[in-house]
Amino acid sequence: MHGYDSYKQEIDDILKSHESMPGNLLPILHAIQDSLGYIPGDSVPVIALALNQSNAEIHGVISFYHYFRQTPPGKNTIRLCRAESCQAMNGKALEKYAQKQLEIDWHETTSDGQFSLEPFYCLGNCACSPALSVNNEVYGRVTPQRFDEVIASYREAAE
Amino acid sequence: MIRVFISRDSTALSLGANLVADNLQKVVADKGLDIELVRNGSRGLFWLEPLIEVETASGRVAYGPVQTSDIPSLIDNGMLQGKDHPLYLGDIEALPYFKDQHRLTFARVGKTNPVSLDDYVAHDGYIGLNNALSLTPEDIVKQVTDSGLRGRGGAAFPTGIKWNTVLNAPGEQKYIVCNADEGDSGTFSDRMIMEGDPFVLIEGMTIAGLAVGATRGYIYLRIEYPHAYVALNEAIQSAYERGYLGDDILGSGKAFHLEVRRGAGAYICGEETSLLESLEGKRGLVRFKPPLPAIIGLFGKPTVVNNVISLASVPIILDKGGDYYRDYGMGRSRGTLPIQLAGNIKYGGLFEVAFGITLREILYDYGGGSASGRPIRAVQVGGPLGAYMPESQFDTPLDYESFSAIEAVLGHGGIVVHDDSVDMAEMARYAMEFCVEESCGKCTPCRIGSVRGVEVIDRIVKGIQKDKNTTLLRDLCDTMIAGSLCAMGGMTPYPVLSALNYFPEDFGINVDADAA
Ligand SMILES: Cc1cc2nc3c(=O)[nH]c(=O)nc-3n(C[C@H](O)[C@H](O)[C@H](O)COP(=O)(O)O)c2cc1C
Ligand code: SF4
Ligand code: FES
């Protein structure tokens, strides 16, 4: 089983459990992304049908929000803060360093599939800038050395 | 059993609080000792995190910042009995950063177990709700009006007046919506409340519901705050279990239901009408006003939209009375503001004080100057749409009117500090770029103006027709201020123009010749 068949059941369950919820589109999209890591293109018509909306409307919502993604992410998602407070603490140098170490640009995934890199605008960790998060863990006062340590700890966990 | 406190606040976690907690448990277990580990919120003194507090016979004693490698020596030196150690800090509330604060909204944060309803009640929680249950809706609104509380989310609109509009709006179903989108750089007070004392927000929203006749509330939480999501849901669940939420609040016959909804990474969804669109499951496009959300809000019904801190300030007002709250502050800025100090600052963190303190006191008395040790050159207050303030403005008191008199904004009380290595032309460019990235796209001055703004700043910096392009940039800013539907396009010029006006040399502009 691959493609739509492999996640049909999950999506159907999500749609069903959100049936009577007012304003349910964002919660549905979150539930799909939580479970699959992204929102597959072929789920759009199914969502549209269930919500009695057009494909274009659903697509418009997915593409409006930075957090929703339509391609599978790497095993770990690194979110690097680019906002002012982090800039004030050498955040820009950290951005360059991260891209160089991972050999990827924003929104890309490393060739081994381990890490995706996403820009974020404030993680609310500004008192300990610069900040990044990996999956749901936040890291503060990130120097290049600490960046390497953090990345290494996820690589180790993968082995 | 000895109670030991280690924070579960995101920033404490970002510095290794979980590792410290795990290691402490392990070392203690190896020695056959017995402790009760409480994961509390943070006191807000982030340079001391990860912080350990131990409850002793003579009060709480703090140690920090603690790394895992410090734990054996802490234990061996009698930390559990509050004994001395190089990391010993004593009573955290006696430290200068703490003792002059006016902790009204943040009274419990860092003290209690955030998700324990018993702990909340033991520390004066739910007194406000109990009082509110014996008042008429009009009297609840009057207390909030009398307190002088103005919205802490940015626009500083009087909360009592907003509530009164919703109270008087006709409608069977009304809603309370909490704006927990906290998108501004340098702000984290909403996050700290939600992680460190979620019940105070739940109580505030419940009181708001009683005040205006709303039976349902939503917390629209930004996706960047996963720990707040967990804490809020844990707290909401126990509030339901214990009858503080539901169809019959504490046997009063009054209903209030509450749910957390996650945003999806769009700054504009902090704007209240975009937020409502997003909650309804649409793209976060700004709505035209009027009608106000107070009249036609969520799902077309009368809706209170308030910021986290605004709502979390309500319980103390209903507990101690509007006058008590109003007695703090200056001018028309009443009560307290949780100030968030971030960026290039030695003692970054959060402290809550009455309005009226000056920026200089904040930066040097609390903040201890820059982290880098270099001179502080520019300070941005109020998030990415706030003006950059030069040293000559550091004596401005924190007060909504004093700030607007110099075309600055207090916003959400977040302060981002830059030392003299900052390039202000780059910061101005970033402000425009942020608007390109985050504009909802509904109106032209914002959508197109910001793209043009980036181009024009690039030309100025490259020295291409400097005078002409500087004039053009100012025109563009005027158009954005005058022609934008919301403050995204309408205030992006604040950081840009302030950078240009106070730091022209960074744009390569000859100060004497181009000062006008
Ligand atoms: C672009 C933009 C972003 C905003 N972001 C937030 C935010 O993140 N949190 C917030 O409480 N208010 C934000 N606001 C202000 C809200 O529109 C609104 O004024 C506020 O939620 C009202 O609540 P209050 O009266 O309690 O402050 C934003 C406004 C604009 C124009
Ligand atoms: S000013 Fe910008 S963000 Fe605000 S409504 Fe217009 S396009 Fe949207
Ligand atoms: S600006 Fe980077 S965490 Fe807030």
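Each value, and the rule that gives it
Residues numbered from 1 in each chain as written. Chains lettered and ligands numbered in written order. Predicted model: local features only at pLDDT ≥ 70, side-chain atom pairs only at ≥ 80, totals over all residues. Heavy atoms only, no water. Helix = DSSP H or I, 4+ residues; strand = E, 2+ residues; numbered from the N terminus. Buried < 20%, exposed > 50% of the residue type's maximum accessible area, 1.4 Å probe, protein only. Near = heavy atom within 4 Å. Polar contact = N/O pair within 3.5 Å; in protein donor to acceptor, adjacent residues only side chain to side chain. Areas by Shrake-Rupley, 256 points an atom, 1.4 Å probe, with all protein chains shown as cover. Patch = residues over 30% accessible without salt bridge, like charges linked within 9 Å, V, L, I, M, F, W, Y side chains within 5 Å. Salt bridge = Lys/Arg side-chain N within 4 Å of Asp/Glu carboxyl O. Pairing = 2+ DSSP bridges. Contact = heavy atoms within 4.5 Å. Nonpolar A, V, L, I, M, F, W, Y, C, P; charged D, E, K, R; others polar. Domains from an automatic or database assignment. Arc of directions from axis to C-beta. Axes fitted to C-alpha atoms, helices over the stretch in contact; angles between N-to-C directions. Expected span 1.5 Å × (residues − 1). Buried area = accessible area lost by both parts, 1.4 Å probe.

**Section: the overall build of chain A**
Here is step 1: Secondary structure summary: chain A contains seven helices and four strands in total.
Here is step 2: When the helices and strands of chain A are placed in sequence order, the string is α-α-α-α-β-α-α-β-β-β-α.
Here is step 3: Taking the principal axes of its C-alpha atoms as reference, chain A extends roughly 50 × 35 × 25 Å.
Here is step 4: Burial status across chain A gives 54% buried among its 159 residues.

**Focus: the site of ligand 1**
All names here are of chain B.
Here is step 1: Inspection of the region around ligand 1 gives 20 residues, with Gly153, Asn179, Asn306, Asn307 and Ser310 positioned closest.
Here is step 2: Here an oxygen atom of ligand 1 sits 2.6 Å away from a polar atom, N or O, in the side chain of Ser310.
Here is step 3: Protein contacts shield 91% of the accessible area of ligand 1, which totals 610 Å² for the unbound molecule.
Here is step 4: Counting residues per element, the shell around ligand 1 draws most heavily on strand E9 (residues 303-307), which supplies three residues.

**Side note on a nonpolar patch on the surface**
Residue and element names in this part refer to chain B.
Here is step 1: Taken together, Leu292, Ile295 and Ile296 make up a surface patch of nonpolar side chains, about 250 Å² in accessible area.
Here is step 2: Residue placement: Ile295 occurs in the loop between helix H12 (272-279) and E9.
Here is step 3: Judged by relative accessible area, which is 40%, Ile295 ranks as partly exposed.

**Focus on the pairing of strand E3 (residues 52-56) of chain B**
The side chains of a regular strand alternate, first on one face of the sheet and then on the other.
Residues and elements named next belong to chain B.
Here is step 1: Most of E3 is tucked away: four of the five residues are buried.
Here is step 2: For strand E1 (residues 2-7) and E3, the ladder comprises three bridges, and the chain directions are antiparallel. Of the residues in E3, the one forming a bridge with Phe5 is Glu53.
Here is step 3: Sheet topology places E3 next to strand E4 (residues 59-63); five bridges connect them, and they run antiparallel.

**What about the interface of chain B and chain A?**
Here is step 1: Counting from both sides, the interface comprises 60 residues of chain B and, opposite them, 38 residues of chain A.
Here is step 2: Taken together, the links from chain B to chain A amount to two salt bridges.
Here is step 3: Arg262 of chain B serves as the salt-bridge partner of Asp34 of chain A, at 2.7 Å between the closest nitrogen and oxygen.
Here is step 4: Taken together, the links from chain B to chain A amount to 26 residue pairs in polar contact (both at pLDDT 80 or more).
Here is step 5: Of all the secondary-structure elements, those providing two or more residues to the side of chain B that touches chain A are helix H1 (10-14), strand E7 (216-221), helix H11 (226-241), strand E8 (257-262), H12, strand E12 (336-343), strand E16 (414-419) and helix H18 (424-438) of chain B.
Here is step 6: Considering each element in turn, the side of chain B that touches chain A owes the most residues, six residues, to H18 of chain B.
Here is step 7: Residue composition of the side of chain B that touches chain A, by class: 28 nonpolar, 19 polar and 13 charged.

**Overview of the site of ligand 2**
Here is step 1: In the neighbourhood of ligand 2, 13 residues make up the surrounding shell, with Cys440, Lys442, Cys443, Cys446 and Cys486 of chain B lying closest.
Here is step 2: When grouped by side-chain class, the residues that make up the shell around ligand 2 number eight nonpolar, four polar and one charged.

**Describing the pattern of salt bridges**
Residues and elements named next belong to chain B.
Here is step 1: This model, assessed by the stated rule, comprises 38 salt bridges over all chains.
Here is step 2: Note that Glu277 is salt-bridged to Arg287, the shortest N-O span being 2.6 Å. With Glu277 in helix H12 and Arg287 in the loop between H12 and E9, this residue pair connects regions lying ten residues apart in the sequence. An identical accessibility class is assigned to Glu277 and Arg287; each is buried.
Here is step 3: Beyond isolated ion pairs, a larger network of salt bridges with shared partners links Arg43, Glu53, Arg60, Glu93 and Lys111.

**Some thoughts on the domain arrangement of chain A**
Here is step 1: Taken domain by domain, chain A consists of domain 1 (4-64) and domain 2 (76-157).
Here is step 2: Centre-to-centre, using C-alpha coordinates, domain 1 of chain A lies 29 Å away from domain 2 of chain A.

**Examining helix H8 (residues 159-168) of chain B**
Residues and elements named next belong to chain B.
Here is step 1: For H8, the full list of buried residues reads Thr159, Gly160, Lys162, Trp163, Val166 and Leu167. All buried residues of H8 fall inside an arc of 160° around its axis, so they share one side.
Here is step 2: Contacts made by the buried residues of H8 are with helix H7 (137-147), helix H10 (198-212), H12, E9, helix H13 (308-312) and helix H14 (314-320).

**With respect to the sheet that holds E8 of chain B**
All names here are of chain B.
Here is step 1: Reading across from one edge, E8-E7-E6-E9 is the order of the four strands in this open sheet, with parallel pairing throughout. Strands at the two margins of the open sheet, each flanked by one partner only, are E8 and E9. This sheet shows a mean twist of 20° between the axes of neighbouring strands, independent of strand direction.
Here is step 2: The pairing of E7 with E8 spans six bridges and is classified as parallel.

**Details of helix H7 (residues 144-158) of chain A**
All names here are of chain A.
Here is step 1: Counted at 1.5 Å a residue, the expected span for H7 with its 15 residues is 21 Å, and the 21 Å between its end C-alpha atoms agrees.
Here is step 2: Those residues of H7 that sit buried are Phe147, Val150, Ile151 and Tyr154. Viewed along the axis of H7, the buried residues span an arc of 95°, placing them on a single side of the element. Exposed residues pointing more than 90 degrees away from the buried face of H7 are listed as Gln145 and Glu156.
Here is step 3: Residues of H7 that are buried in the fold lie against strand E1 (76-81), helix H6 (91-102), strand E2 (115-120), strand E3 (132-134) and strand E4 (137-139).

**A few points about the pairing of strand E14 (residues 376-381) of chain B**
All names here are of chain B.
Here is step 1: Counting buried positions along E14 yields six of six residues, so the element is predominantly enclosed.
Here is step 2: Pairing of E14 with E16, which is carried by five bridges, proceeds in the antiparallel orientation. Paired with Val379 across the two strands is Val417, which belongs to E16.
Here is step 3: Where E14 and strand E15 (residues 388-390) come together, three bridges link them in antiparallel fashion. Considered in E15, the bridge of Val379 is made with Met389.

**Quick look at the domain arrangement of chain B**
Much of the literature gives interface size as the accessible area that the parts lose upon coming together.
All names here are of chain B.
Here is step 1: Per the domain assignment, the segments making up chain B are domain 1 (2-95), domain 2 (117-326), domain 3 (337-419) and domain 4 (424-515).
Here is step 2: The distance between the C-alpha centroids of domain 2 and domain 4 comes to 36 Å.
Here is step 3: Across the interface of domain 2 and domain 4, roughly 770 Å² is buried in total on both sides, 78% from carbon and sulfur atoms.
Here is step 4: Looking only at domain 2, the three residues that lose the most surface to domain 4 are Tyr267, Ile268 and Val286, adding up to 60% of its buried area.
Here is step 5: At the boundary of domain 2 and domain 4, one finds zero salt bridges.

**Focus: the sheet that holds E2 of chain A**
Residues and elements named next belong to chain A.
Here is step 1: A sheet is described by the order of its strands in space; here four strands give the open sequence E2-E1-E3-E4, paired in mixed fashion. Each end of this open sheet is capped by a strand with a single partner; those strands are E2 and E4. Here the strands of the sheet are splayed against their neighbours by 20° on average, with no regard to which way each runs.
Here is step 2: Contacts between H6 and the sheet are confined to E1 and E2, with E1 contributing the most and set at about 155° to the helix.
Here is step 3: Packing of H7 onto the sheet brings it into contact with E1, E2, E3 and E4, and relative to E4 it is tilted by some 155°.

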